Amino acid sequence: MPLHATLAKHHLSEEFPNASALLYFYFKSIVKNQDAILYYDRSAVGSRTKAVRDLKDYLLGGKSMSTFPVAMSLIASYVSGVTILGTPAEIYNYGTQYWLVIVGVALSCLIVATMYLPVFCTLRLSSSYEYLQLRFNRHVRAVASFLFLLDEVLFLPMVIYVPALAFNQLTGFNVFAVAGGMVLICGLYTSLGGLRAVVWTDSWQTGVMFIGVFLVAIAGTLSVGGVSTIFETAAESGRLELSNWSFVPYERQTGWGAVIGGFLYWTCFNSVNQTMVQRYISLPSKRKAITALGIFCIGAMLAISLCVWCGLAAWTAWVQGGCDPRGAPLVDDRLLPAFVTYVANVQRLPGLAGVFLAGVFGAGLSSLSAVLNACALVVVEDIMHGWMQIRLRPMVEGILARSVTGILAVSSLLMLLVIQKLGGVLGVATALSAIASSSTCGIFTLGMGCWWVGPRGAIAGGIAGAVVAGTISMGTQVAAATGLRSPPLNFTSECVKNASFVFEHSTVDPESLFPLFRLSYHWIAPLGLLATILVGAIVGWFFDERDDSKMDAELYFPLVWRWLPPDAIERAGEIRRIIATKEMDTPAPSSPLILGKITDKV
């Protein structure tokens, strides 16, 4: 079936039994892998060497995880099915300018390694939001925690929906049946295994994801005539252009938008987001955490580059097919499944669809498990322990953490009903994601970089950042819903000669909208971050009173130590020693989290 025909259909009629079979064995292998974890991994039910496991071991893996599995889990935390399906469609329509975001990724990892990571690794906290209570108070910690939970609850359905939709297009299976299988498997091993199960499963699933995307890129390249053909077609249509360094923020893709916007967005995500910090502090030393961050940086850049190449290959296939208007831009996230169908037919590789689906599901399951485990930690450590100041027996808290994981998994499945009927919820979830990431990172940056800012400045800055990012995000989503869309790039000479081709123009005059509602999505997180820092620094300067108990140099960026008050340097390490003393004075749990002794035979 030609690519233009597959792009024209929302649901493919062809069945791929090999895809179904491969995915079946993929799920089966996960269950077997988790059975091994449940019986032999100490984080699940104990082992021969250590019978009693505590809540932090369940949520943080005992802070003794290995570097490479954690690095793979970091990659899985960001690279989801949304990335795999969304990036090729972006390149297909708007060219390779987006690829420069990998520069922002590299800069982000450098900043995280030199500024944020030393603070978290030195304090050795259980949750990133615990820092906000040490630096400000428990109310600031609660605000950031609720923002994180709201962000992740609305992000979970997208993680589930995208792989289920891809599977539906390639096999015809019901979306809810596939999503239910994902939630059941992922919720089961995340609830029972804790962070260890999540990290080790993420490692395997990330490998499957890379294999799937890599095979699609190779087979797609061969199907259109090779690397030189893709470069020539992309260059002729302007999709190989990387020289658009315009400062106009209304253009969807520019060099400055991809580099600066990508740098600040990834910094907001990598630096303080609980799904990332939870893995940093699960490692026994700062050096290993930095090593894991470096591996994550390389892996994320490689994953983005592979998706970019798949988008260029899909564009070349459409041009070679005669630029049929039924498959013309703008296309949505159905592009890559349609391209996989095209490649499988051309190259006579019926198993390619199964490998691709395994990769998409690997990315989706790994992101889902990472979010579920992080949310369980935030509910127990930040909301219950930190804000409500409630502590229960370890057994009860362990059951609560697992219950939170199960409830979130089921609620994400139920929200698919909303997504299917009200497609705008995807845009709303994206908007809320920008609100949470930018304002939360701004609060942390105020705490670590501005020693004069107290609780008033932190809360005022967080509110200001949330309002700015939320207003811009909601406005851009409403504008897109009313018909405003960025036009795709130019076409090749073959497309111009095609008399049947009719370009679809935007139905809304951009000049009629408020300027902020026309901004590129790259600039939403930077503006929210900037508003948080500026308002918080000003309010803190005029309205916050100095609290000597917060003057501990270890609470601040190492780069600002030279400007800290002298007593902050003298009291360096005081808070960390107090925390260590409290942990040593805490009596042993009266009952284990889970029964730690089981039969040696399975």
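Residues numbered from 1 in each chain as written. Predicted model: local features only at pLDDT ≥ 70, side-chain atom pairs only at ≥ 80, totals over all residues. Heavy atoms only, no water.

Naming follows an unreviewed UniProt entry, where the protein chain appears as Sodium/solute symporter of Pieris brassicae.

Trainee: Looking at this structure, I do not really get the overall build of the protein chain. What am I missing?
Mentor: Broken down by element type, the protein chain carries 24 helices and 0 strands. The buried share among the 602 residues of the protein chain stands at 58%. Sequence-distant contacts in the protein chain: of pairs separated by 6 or more residues, those separated by 24 or more amount to 85%. (Helix = DSSP H or I, 4+ residues; strand = E, 2+ residues; numbered from the N terminus. Buried < 20%, exposed > 50% of the residue type's maximum accessible area, 1.4 Å probe, protein only. Contact = heavy atoms within 4.5 Å.)

Trainee: What is the right way to read the pattern of salt bridges from this model?
Mentor: When the charged atoms of two side chains lie near each other, side chains of opposite charge can form a pair. Under the criterion given, the structure shown has 6 salt bridges. We note a salt bridge from Glu90 to Arg252, for which the minimum N-O separation is 2.8 Å. Of this pair, Glu90 sits in helix α6 (residues 81-94) while Arg252 is found in the loop between α11 (227-236) and α12 (255-272), placing the two residues 162 residues apart along the sequence. Residue classification places Arg252 among the partly exposed residues on the basis of a relative accessible area of 28%. A salt bridge links Asp382 to Arg141, with the nearest nitrogen and oxygen atoms 2.8 Å apart. Here the residue Asp382 occupies a position in helix α16 (residues 352-387), and Arg141 occupies one in helix α9 (residues 138-171), the gap between them amounting to 241 residues. Note on Arg141: relative accessible area 4%, which makes it buried. (Salt bridge = Lys/Arg side-chain N within 4 Å of Asp/Glu carboxyl O.)

Trainee: Looking at this structure, how should I read the environment of Ser127?
Mentor: Here Ser127 lies in the loop between α7 (101-123) and α8 (130-135). Relative accessible area serves as the criterion here: at 1%, Ser127 is assigned to the buried category. Each C-alpha atom of the pair Ser127 and Gln274 lies 6.9 Å from the other, and the pair is 147 residues apart in sequence. Once residues lying within four places of it in the same chain are set aside, the contact partners of Ser127 are Gln274, Ile281, Leu377, Glu381 and Asp382.

Trainee: Could you clarify how one ought to interpret helix α15 (residues 335-347) in this entry?
Mentor: Because an α-helix completes one turn every 3.6 residues, residues spaced three or four positions apart along the sequence face the same direction. Here α15 contains 13 residues, and its C-alpha end-to-end distance of 18 Å stays within 8% of the 18 Å for a straight helix at 1.5 Å per residue. For α15, the buried fraction is high: 10 of the 13 residues fall into the buried class. Within α15, the full set of buried residues consists of Leu335, Leu336, Pro337, Ala338, Phe339, Val340, Thr341, Tyr342, Val343 and Ala344. One or two positions beyond α15, positive phi appears at Arg348, with a value near 55 degrees. (Expected span 1.5 Å × (residues − 1).)

Trainee: Explanation requested: the nonpolar core in the structure shown.
Mentor: Within soluble globular proteins, side chains that are nonpolar generally end up buried alongside one another. Judged by nonpolar contacts, the single largest core of 142 residues is most densely connected at Ile84, Phe120, Tyr131, Leu132, Phe296, Phe339 and Phe356. Of all the elements, helix α14 (residues 286-320) adds the most residues to this core, at 20 residues. Residues within four places of Leu132 in sequence aside, it is in contact with Asn137, Val140, Arg141, Ala144, Ile443 and Phe444. (Core = buried A, V, L, I, M, F, W, Y, C linked by side-chain atoms within 4.5 Å.)

Trainee: Hey, could you run me through empty space enclosed by the protein in this one?
Mentor: In the structure shown here, the tally under the stated rule is 2 cavities of 30 Å³ or more. One number sums up the size of the largest cavity: a volume of about 70 Å³. Taken together, Tyr129, Phe148, Asp151, Cys268, Val272, Asn273, Ala436, Ser437 and Thr440 form the lining of the largest cavity. Broken down by secondary-structure element, the contributors of at least two residues to the lining of the largest cavity are α9, α12 and α19 (424-449). With 3 residues, α19 is the single largest residue contributor to the lining of the largest cavity. (1 Å grid on protein atoms, 1.4 Å probe; cavity = no way out; pocket = protein on both sides within 12 Å on 5 of 7 lines; lining within 4 Å. Points joined across faces, edges and corners; volume = space filled by probe spheres on them.)

Trainee: Is there a simple way to explain the packing of α7 against α12 in this structure?
Mentor: Packed helices, taken two at a time, are described by the angle between their axes plus the distance between the axes. One can describe the packing of α7 onto α12 by two numbers: an axis separation of 7 Å at closest approach and a directional angle of 35 degrees. Handedness of the crossing formed by α7 with α12: right-handed. Residues Val101, Val103, Gly104, Val105, Leu107, Ser108, Cys109, Ile111, Val112, Tyr116 and Phe120 of α7 touch α12, and the partners they reach there are Ala258, Val259, Gly262, Phe263, Trp266, Thr267, Asn270, Ser271 and Val272. Taken together, the residues of the contact of α7 with α12 break down into 14 nonpolar, 6 polar and no charged. (Axes fitted to C-alpha atoms, helices over the stretch in contact; angles between N-to-C directions. Left-handed = near helix turned anticlockwise from the far one by under 90°. Nonpolar A, V, L, I, M, F, W, Y, C, P; charged D, E, K, R; others polar.)

Trainee: Just to check I follow, could you spell out the environment of Asn373 for this structure?
Mentor: Tracing the backbone shows Asn373 in helix α16. Given a relative accessible area of 0%, Asn373 falls into the buried group.

Trainee: Got a minute to help me understand the confidence of the model for the protein chain in this structure?
Mentor: It should be kept in mind that the predicted coordinates are not to be read in detail where pLDDT is low. In this model, the protein chain carries a mean pLDDT of 77, and residues with pLDDT of at least 70 account for 75%. No element of the protein chain has a lower mean pLDDT than helix α3 (residues 42-45), which averages 35, and none a higher one than helix α22 (residues 524-543), which averages 94. Within the model, pLDDT remains below 50 along residues 29-55, and this stretch shows 63 contacts once partners closer than five positions in the same chain are excluded. (pLDDT = per-residue confidence, 0-100.)

Trainee: Help me understand the packing of α6 against α14 in this model?
Mentor: Taken N-terminus to C-terminus, the directions of α6 and α14 make an angle of 50 degrees; their axes are 7 Å apart at the nearest point. The orientation of α6 with respect to α14, classified from their angle, is oblique. Along this stretch, α6 crosses α14, giving a crossing that reads as right-handed. Contacts between α6 and α14 pair Thr83, Ile84, Thr87, Pro88, Ile91 and Tyr92 from the former with Ile304, Cys307, Val308, Cys310, Gly311, Leu312, Ala314, Trp315 and Trp318 from the latter. Broken down by class, the residue content of the contact of α6 with α14 amounts to 12 nonpolar, 3 polar and no charged. (Parallel < 35°, antiparallel > 145°, perpendicular 65-115°, else oblique.)

Trainee: Sorry, what's going on with the packing of aromatic side chains here?
Mentor: Working definition: an aromatic ring pair is given by the centre-to-centre distance plus the angle between the planes. This model, assessed by the stated rule, comprises 18 aromatic pairs. Relative to Trp256, the ring of Trp245 has its centre 5.1 Å away and its plane inclined at 75 degrees; by these criteria the two rings are edge-to-face. Taken as a pair, Trp245 in the loop between α11 and α12 and Trp256 in helix α12 lie far apart in primary sequence, 11 residues in all. For Trp245, a relative accessible area of 36% corresponds to the partly exposed category. Residue classification places Trp256 among the partly exposed positions, given a relative accessible area of 31%. (Phe/Tyr/Trp six-rings, centres within 6.5 Å; stacked < 30°, edge-to-face > 60°.)

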